[in-house]
Amino acid sequence: RVVAVILVGGPTKGTRFRPLSLNVPKPLFPIAGQPMVHHPISACRRIPNLVQIYLVGFYEEREFALYVSSISNELRLPVRYLREDKPRGSAGGLYSFRDYIMEDSPSHIVLLNCDVCSSFPLPDMLEAHKKYGGMGTLLVNKVSAESANQFGELVADPETNELLHYTEKPETFVSDLINCGVYIFTPNIFNAIEDVLQQKKDRANLRRISSFEALHSATKALPADYVRLDQDILSPLAGKKELYTYQTLDFWEQIKTPGMSLRCSGLYLSQFRHASPHLLASGDGKRSATIIGDVYIHPSAKVHPTAKIGPNVSISANARIGAGARLIHCIILDDVEIMENAVVIHSIVGWKSTIGKWSRVQGEGDHNAKLGITILGEAVDVEDEVVVVNSIVLPNKTLNVSVQEEIIL
Ligand code: GDD
């Protein structure tokens with residue numbers, strides 16, 4: 001039996017995702033028309049003998065209530081949200097719910113960060129893990145040497161795939177092989193976390209006795225029951241024949257910013273072409289708009305037949321797209337209205353926003369730059385014939401003049 005746990009974090013995380021995370025917890029932000037967390041959840045479905053999925057985080061319970069009940073029904077698989085009373089770190093969060101997780105007596109626990117975009121090759125990874133015979137297997141990926149320091153960098157044995165060395169976001173280059181935030185563990189992971197908790201407690205006691213604390217005040221920042229999977233577990237266990245790696249050759253990205261959510265939306269839409277083509281707009285039929293490439297349109301959205309949409313566009317519920325509108329590389333959220341002949345390129349248009357006739361909302365398409373795409377928060381009104389380029393607009397603003405490279409607060 002297998003239990004999957006998806007780490008969703010909480011409201012103090014995901015601040016780089018503003019202004020979009022002001023409305024909805026980042027894990028529920030729509031990517032390719034589905035909540036971010038939906039993609040790892042549907043990947044988990046392919047694991048043989050999966051009995052339960054837990055989402056672990058410190059958001060309010062009610063924020064996830066609707067989603068977990070609808071996805072449980074849809075998948076006919078129990079999906080449950082477990083709320084931590086406070087942030088305990090990625091391993092601490094997992095550990096605090098060990099009793100729930102062990103209820104089903106799983107032989108394996110699949111652990112996933114919610115903010116990664118991947119084809120999640122979980123069944124193959126599970127097979128590899130069983131062959132390696134260790135406590136855990138990490139999904140790893142090769143990235144450019146310049147970008148590697150945003151991740152956990154690691155060295156693996158090319159023959160046995162054993163994890164030999166692990167450093168979290170090092171300042172000096174270690175390796176271009178990085179940790180993808182996707183793991184398979186045996187239940188022994190709980191013993192490993194318990195050991196670390198015990199060591200931390202012992203050290204805290206020692207400090208109290210020797211009033212060591214004043215000298216080492218930097219270590220005070222993290223509470224003794226806060227355990228990070230990467231620094232506290234992976235680093236010390238590397239090279240001990242406990243941890244192994246499985247390299248993905250398919251797509252993998254991290255989703256920390258709105259720009260990356262737009263890029264990942266495109267990656268998932270192109271995956272739909274093979275995996276779930278029924279989710280993509282076909283553009284067939286006389287009354288349909290012209291569709292180019294991979295496009296998702298929610299069934300309740302209304303798109304005028306003279307509009308031209310795609311590639312990489314996702315249009316959420318109740319959006320209305322007017323005659324002659326042109327949309328390329330964008331995410332259009334619920335209840336947005338885009339009027340006649342407006343153009344939207346490399347942008348995210350927030351809930352209930354309106355874009356006037358002949359207006360143009362555009363980014364240059366650099367997903368990593370701060371102002372590389374244009375983002376309109378909730379209920380932004382762009383009036384007729386206004387041009388918005390490479391800008392971020394906070395919720396409830398009206399734009400009646402054109403702007404470029406601006407953050408409108
Ligand atoms: N439940 C819970 N509680 N979840 C948490 C907590 C916590 O206290 N802290 C972080 N998370 C969740 C986040 O929501 C995210 O899904 C995941 O755990 C990892 O978040 P971070 O610990 O902030 O690390 P990171 O995303 O900067 O980097 C990690 O992931 C990279 C891959 O995306 C590291 O493991 C890197 O090594 C790795 O490359």
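See the structure printed just above.
What comes next concerns the included structure. These numbers come from a predicted model, not from an experiment.

Moving on to the pairing of strand E4 (residues 50-57). Burial analysis of E4 places seven of its eight residues in the buried class, the great majority of the element. In the sheet, strand E1 (residues 2-9) pairs with E4 via seven bridges, with the strands oriented parallel. Note on E4: the bridge partner recorded for Gly-9 is Gly-57. Inspection of the sheet shows E4 paired to strand E5 (residues 79-83) by five bridges, in the parallel sense. Within E5, the position partnered with Leu-55 by the bridge is Tyr-81. Between the parallel elements E4 and E5, the chain passes through helix H2 (residues 61-75) in a crossover that is right-handed.

Once that is clear, we can look at the site of the ligand. Glu-84, Gly-89, Glu-168, Asn-179 and Lys-256 are the nearest of the 28 residues found near the ligand. In isolation the ligand has 740 Å² of accessible area, and contact with the protein removes 92% of it. Only E1, E4, strand E10 (163-168), strand E11 (177-185) and strand E13 (252-254) provide two or more residues apiece to the shell around the ligand. Along the lines of polarity and charge, the residues of the shell around the ligand split into 12 nonpolar, eight polar and eight charged.

We now examine a nonpolar patch on the surface. Residues Val-155, Leu-164 and Val-174 make up a contiguous nonpolar surface patch of roughly 190 Å² in combined accessible area. As for its placement among the helices and strands, Leu-164 is situated in strand E10.

This paragraph deals with the packing of aromatic side chains. Taken as a whole and judged by the stated rule, the model has 10 aromatic pairs. Here Phe-151 and Trp-252 contribute two aromatic rings whose centre-to-centre distance is 5.4 Å and whose plane-to-plane angle is 70°, an arrangement assigned as edge-to-face. Placement of Phe-151 in the loop between strand E8 (136-142) and strand E9 (152-156) and of Trp-252 in strand E13 is noted, with a sequence separation of 101 residues between them. Of the two residues, Phe-151 and Trp-252, neither departs from the other in class, the shared state being buried. Here a set of aromatic residues connected by ring pairs shows up, and it is made of Phe-17, Phe-29 and Trp-351.

Sheet strands line up and pair through hydrogen bonds in the backbone, either parallel or antiparallel. With respect to topology, six strands assemble into an open sheet ordered E16-E19-E21-E23-E26-E29, the strand pairing being parallel. Looking at the sheet topology across the chains shown, the edges are occupied by strand E16 (302-303) and strand E29 (398-399). Sheet analysis places E16 next to strand E19 (residues 320-321), joined by two bridges and oriented parallel. In the sheet register, Val-303 faces E19, and the bridge partner there is Ile-321.

Rules behind the numbers
- Residues numbered from 1 in each chain as written.
- Predicted model: local features only at pLDDT ≥ 70, side-chain atom pairs only at ≥ 80, totals over all residues.
- Heavy atoms only, no water.
- Buried < 20%, exposed > 50% of the residue type's maximum accessible area, 1.4 Å probe, protein only.
- Helix = DSSP H or I, 4+ residues; strand = E, 2+ residues; numbered from the N terminus.
- Pairing = 2+ DSSP bridges.
- Right-handed = clockwise from strand over helix to strand, strands pointing away.
- Near = heavy atom within 4 Å.
- Areas by Shrake-Rupley, 256 points an atom, 1.4 Å probe, with all protein chains shown as cover.
- Nonpolar A, V, L, I, M, F, W, Y, C, P; charged D, E, K, R; others polar.
- Patch = residues over 30% accessible without salt bridge, like charges linked within 9 Å, V, L, I, M, F, W, Y side chains within 5 Å.
- Salt bridge = Lys/Arg side-chain N within 4 Å of Asp/Glu carboxyl O.
- Phe/Tyr/Trp six-rings, centres within 6.5 Å; stacked < 30°, edge-to-face > 60°.

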